[in-house]
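The chain contents come next:
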Amino acid sequence: VLLICIPFLSFNQTEKYTGLKSRGEIPEDFTKLTLEKIKEAQLSTQQDSRTSRKEKSKFYEMSNFGVDQLLQSGMVCFDDTISSYVTSVLEEIRFANKSIPLDIRVYTIKSPVVNAFTTDQGIIFINTGLLAQLENEAQLAFVLCHEIVHYTEKHVMEGFIENNDIINNRNDYKRTRSIDQELATTRFARTLETEADKKGLKLFLNTDYNPQEVDGVFD
């Protein structure tokens, strides 16, 4: 009986499965020209010093080209069932923390890699591989709080500029050996991650989610 039933059940499950698909109107993130995005971002640097303006302009170019390449890869979904669900969790966090910017949005990446990351444009990308590992909605909420802090504290740009200083032996990194450069890069990245954890936890504790679930996220 088992030999007959198991294949039959598997067949039924396969028939009901539907792949992750984008729905509705295509967001502007996908359709707007990369050069337009870069020009708009560079307008915010007009009051900066010449050196700072040059660094930020380079960052905006690399960032926007990289993000747009991912958006056009076919791996990113919008308004799909997962993105919509994660967005609803984001709204729960925003309801409890009124200071969170309204321009943050979420897209799902069809990838088995356990990861989520934020861009300087306010996009949170979350991989299906990470969602498959999370045990509950509270853990997802903490991940989002962590990523929100990366955006609000401008960690992406900050990391880019700091790494350039390290590589080019500028400011505090003059005459730094290559091995020390690697250590400095790693140390700075960890500093940003720690800040995202601490400030993200504050956002999370304002919500109604169970704080005991946070430990499970790191597992």
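Residues numbered from 1 in each chain as written. Predicted model: local features only at pLDDT ≥ 70, side-chain atom pairs only at ≥ 80, totals over all residues. Heavy atoms only, no water.

Asks: Looking at this model, I keep getting lost on the overall build of the protein. Mind explaining?
Replies: Check the secondary structure of the protein and you find ten helices and four strands. Each helix and strand of the protein, placed in order from N terminus to C terminus, yields the pattern α-α-α-α-β-α-β-β-β-α-α-α-α-α. The buried share among the 219 residues of the protein stands at 39%. Pairs at least 24 residues apart make up 64% of the contacts formed inside the protein by residues separated by at least 6 positions. Of the roughly 13800 Å² that the protein leaves accessible, carbon and sulfur atoms contribute 54%. (Helix = DSSP H or I, 4+ residues; strand = E, 2+ residues; numbered from the N terminus. Buried < 20%, exposed > 50% of the residue type's maximum accessible area, 1.4 Å probe, protein only. Contact = heavy atoms within 4.5 Å. Areas by Shrake-Rupley, 256 points an atom, 1.4 Å probe, with all protein chains shown as cover.)

Asks: Would you mind showing me how to read the packing of helix 3 (residues 34-42) against helix 4 (residues 50-71) here?
Replies: For any two helices packed against each other, one specifies the inter-axial angle together with the distance between the axes. Running from N to C, helix 3 and helix 4 point in directions that differ by 145°, and their axes come no closer than 9 Å. Handedness of the helix 3/helix 4 crossing: right-handed. Every residue of helix 4 that contacts helix 3 at Thr 34, Leu 35, Lys 37, Ile 38, Ala 41 and Gln 42 is listed here: Ser 57, Tyr 60, Glu 61, Asn 64, Phe 65, Asp 68 and Leu 71. (Axes fitted to C-alpha atoms, helices over the stretch in contact; angles between N-to-C directions. Left-handed = near helix turned anticlockwise from the far one by under 90°.)

Asks: What's the story with the packing of aromatic side chains in this structure? I'm lost.
Replies: The geometry of an aromatic ring pair is captured by the separation of the ring centres together with the interplanar angle, meaning the angle of the planes. Within this structure, the stated rule accounts for nine aromatic pairs. When the centroid spacing of 5.2 Å and the interplanar angle of 35° are considered together, the rings of Phe 117 and Phe 125 count as tilted. Overall, Phe 125 belongs to the buried group, its relative accessible area being 0%. The structure contains a cluster of three or more aromatic residues connected by ring pairs, namely Phe 30, Phe 78, Tyr 107, Phe 117 and Phe 125. When the ring centre of Phe 95 is taken as origin, the NZ or CZ atom of Lys 98, which lies over that ring, is 4.2 Å away. (Phe/Tyr/Trp six-rings, centres within 6.5 Å; stacked < 30°, edge-to-face > 60°. Lys NZ or Arg CZ within 6 Å of the ring centre and 35° of its normal.)

Asks: What should I look at first to understand the environment of Cys 77 in this one?
Replies: Mapped onto the elements, Cys 77 comes out in strand 1 (residues 76-77). For the pair Cys 77 and Thr 108, spaced 31 residues apart in sequence, the C-alpha to C-alpha distance is 5.2 Å.

Asks: Would you mind going over the side chain of Asn 64 with me for this structure?
Replies: Along the polypeptide, Asn 64 turns up in helix 4. Side-chain polar atoms of Asn 64 contact the backbone oxygen of Tyr 60, separated by 2.8 Å. (Polar contact = N/O pair within 3.5 Å; in protein donor to acceptor, adjacent residues only side chain to side chain.)

Asks: Is there a simple way to explain helix 5 (residues 81-96) in this structure?
Replies: Helical geometry: 3.6 residues make up each α-helical turn, so side chains three or four residues apart lie on a common side. With 16 residues, helix 5 ought to run about 22 Å at 1.5 Å a step, and its terminal C-alpha atoms sit 23 Å apart, in line with that. Close packing links the buried residues of helix 5 with strand 1, strand 2 (105-109), strand 4 (123-127), helix 6 (128-133) and helix 7 (137-152). Regarding helix 5, its N-cap is Asp 80, as a side-chain oxygen of that residue lies 3.0 Å from the backbone nitrogen of Ile 82 further along. (Expected span 1.5 Å × (residues − 1).)

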